[in-house]
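This is what each chain is made of:
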Amino acid sequence: MRKIAIVGGGQAGLQLALGLLKNNYEVTIVSDRTAQQIFNGRVTSSQFMFHDSLQNERDLGINFWERECPLTEGLAFTIPGQDKIKALFWEAKLDHHGQSVDQRVKFAGWMNEFAKRGGDLVIKDAAPADVDEYSKTHDLVIVAAGRGDVNRMFERDAEKSPYDKPMRALALTYVKKMEPRAPFTAVSFNLVPGVGEYFVFPALTTTGACEIMVFEGVPGGPMDCWNEVKTPQEHLTKSKWILENFIPLEAERCKNVEVTDDNGTLVGRFAPTVRKPVSKLSGGCLALGMGDVVATNDPITGQGSNTAAKAATIYLKRILEHGDKPFDGPWMQETFDTFWDYAQWVVSWTNSLLIPPAPQILKLMGAASQFPPLASRIANGFNNPPDYAPWWFDSGKAQEVIKGLAGAAV
Ligand SMILES: Cc1cc2nc3c(=O)[nH]c(=O)nc-3n(C[C@H](O)[C@H](O)[C@H](O)COP(=O)(O)OP(=O)(O)OC[C@H]3O[C@@H](n4cnc5c(N)ncnc54)[C@H](O)[C@@H]3O)c2cc1C
């Protein structure tokens, strides 16, 4: 039986581990936290996932919270104007619903399931020396430790990483008692030029259904305002202050909101980074990176968990197809390259939204407010960002798409 070690029990690591167990591999997961510590700990993400990523979980039979978790039916985009008037607005239904299950619930649940199904669960804050040790006892070592320090074993790929500093000041506020959005549930995305972005959607957390507020402040701007905030109550007050001042229509939904729990808030920032996928270990073996370790995106497009889920699916297929052959450097590089065929579009589309938008992006967003089929195309691209190529990035192609879908709208 082939032995595989995975450092990091998150979206990518646990999904892959459960897939490998299902196929009778011997799997070790190394996690820096126990399931209970994760469940009782701080929120880590807003983890909204679109249909194709959710389908990967269904295919493995690990979609344990699908019935309980609220459904999100669409996506709405607003640029707020003066006096509660929307300067720009469109909304569209997704072809299939999306969902967000708090990673505290999901990772703790999957970790328990992994142990129950016979996986070897090791609780340890793994260092590069540990990765080296696992490479001597296992046929393959994968590092899926997210944004953990151990990812520095993998060299930053400067060519694929246009930014060397954080592009947004991030904050999350998990709340209950928010007024539901009408006429349908949606990721409600608001862009305030020069200030930042705010999006909000339904989710399932440790205490039941909730809404997750995500703040993306332009560094140094008024939404980059979390330094003095210490308590969950202060965090909620600051969240409401942002909405009242910059997105008053969203503030109206929040008159009665309360934080879900004392760990239901998060503040942070990081630079979007792509890393080279193979690390040479001190003992001479190799380790392969997966998920955020090799491609960390800013959360502005809500892609990290989606991309991690897709990475795990691609890696699982590659491992199964490889049979008993050695997991050597060329196999590792090819596995990453297969992933990168997909992920490159996630990275370039996400990065395009972290700087003032190119003229064709402004045109597309404006045209979407007039032509529902274009709004639908943009909304559904979140499920599969390669669909944005090439028109998102090229003014001539953007114009063709606008013309084509404008025709479809009349
Ligand atoms: C504010 C914010 C909002 C986000 N919103 C969304 C969203 O709406 N949609 C979306 O798709 N993505 C979102 N993301 C991104 C998403 O959460 C991540 O991209 C995704 O979880 C990455 O999966 P992963 O498996 O690579 O890493 P993770 O899910 O981060 O898992 C890594 C695991 O490894 C563990 N670990 C770390 N270091 C070690 C070590 N040395 N030894 C052992 N274990 C270790 C960690 O504790 C963690 O459990 C958001 C991120 C942030 C910060």
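This structure is a prediction, so every number in the text was calculated from the model and none was measured.

Where do I start with the pattern of salt bridges in this structure?
Pairing is possible between side chains that carry opposite charge, provided their charged atoms lie close to one another. Applying the stated criterion to the full structure yields 22 salt bridges. Across the pair Lys-177 and Glu-258 runs a salt bridge, and its minimum N-O distance is 2.9 Å. Residue Lys-177 is located in the loop between strand S7 (169-176) and strand S8 (186-192), and its partner Glu-258 is located in strand S11 (residues 258-259); the two are separated by 81 residues in the primary sequence. For Glu-258, a relative accessible area of 32% corresponds to the partly exposed category. A salt bridge links Arg-269 to Asp-224; its shortest N-O distance comes to 2.7 Å. Pair noted here: Arg-269 is in the loop between strand S12 (265-268) and strand S13 (273-274) and Asp-224 is in the loop between strand S10 (208-217) and helix H6 (232-246), with a separation of 45 residues, a long-range link. Through salt bridges that share partners, Asp-102, Arg-104 and Asp-261 make up one connected network.

Which parts of the structure should I look at to understand the domain arrangement of the protein?
Much of the literature gives interface size as the accessible area that the parts lose upon coming together. Here the protein is described as being made up of domain 1 (3-63 + 103-163 + 271-352), domain 2 (72-100 + 168-265) and domain 3 (359-409). The centre of domain 1, based on its C-alpha atoms, is set 29 Å off from the matching centre of domain 2. Contacts between domain 1 and domain 2 engage 20 residues on the former and 27 residues on the latter. Where domain 1 meets domain 2, there are one salt bridge. Taking the shortest distance from any N to any O, the salt bridge between Asp-261 and Arg-104 comes out at 3.0 Å. Where domain 1 packs against domain 2, one counts 11 residue pairs in polar contact (both at pLDDT 80 or more). For the side of domain 1 that touches domain 2, the secondary-structure elements that each account for two or more residues are helix H2 (35-40), helix H3 (51-60) and helix H4 (103-116). Ranked by the residues each element gives to the side of domain 1 that touches domain 2, the list is headed by H3, at three residues. Its residues assigned to classes, the side of domain 1 that touches domain 2 shows nine nonpolar, seven polar and four charged.

Got a minute to help me understand the pairing of S10 in this structure?
As a general feature of sheets, a regular strand has side chains that alternate between the two faces. Counting buried residues in S10 gives nine out of 10 residues, a clear majority hidden from the surface. As paired strands, S7 and S10 are joined by seven bridges and run antiparallel to one another. The partner of Leu-170 across the bridge, within S10, is Glu-216.

Thresholds, definitions, all that
- Residues numbered from 1 in each chain as written.
- Predicted model: local features only at pLDDT ≥ 70, side-chain atom pairs only at ≥ 80, totals over all residues.
- Heavy atoms only, no water.
- Salt bridge = Lys/Arg side-chain N within 4 Å of Asp/Glu carboxyl O.
- Helix = DSSP H or I, 4+ residues; strand = E, 2+ residues; numbered from the N terminus.
- Buried < 20%, exposed > 50% of the residue type's maximum accessible area, 1.4 Å probe, protein only.
- Domains from an automatic or database assignment.
- Contact = heavy atoms within 4.5 Å.
- Polar contact = N/O pair within 3.5 Å; in protein donor to acceptor, adjacent residues only side chain to side chain.
- Nonpolar A, V, L, I, M, F, W, Y, C, P; charged D, E, K, R; others polar.
- Pairing = 2+ DSSP bridges.

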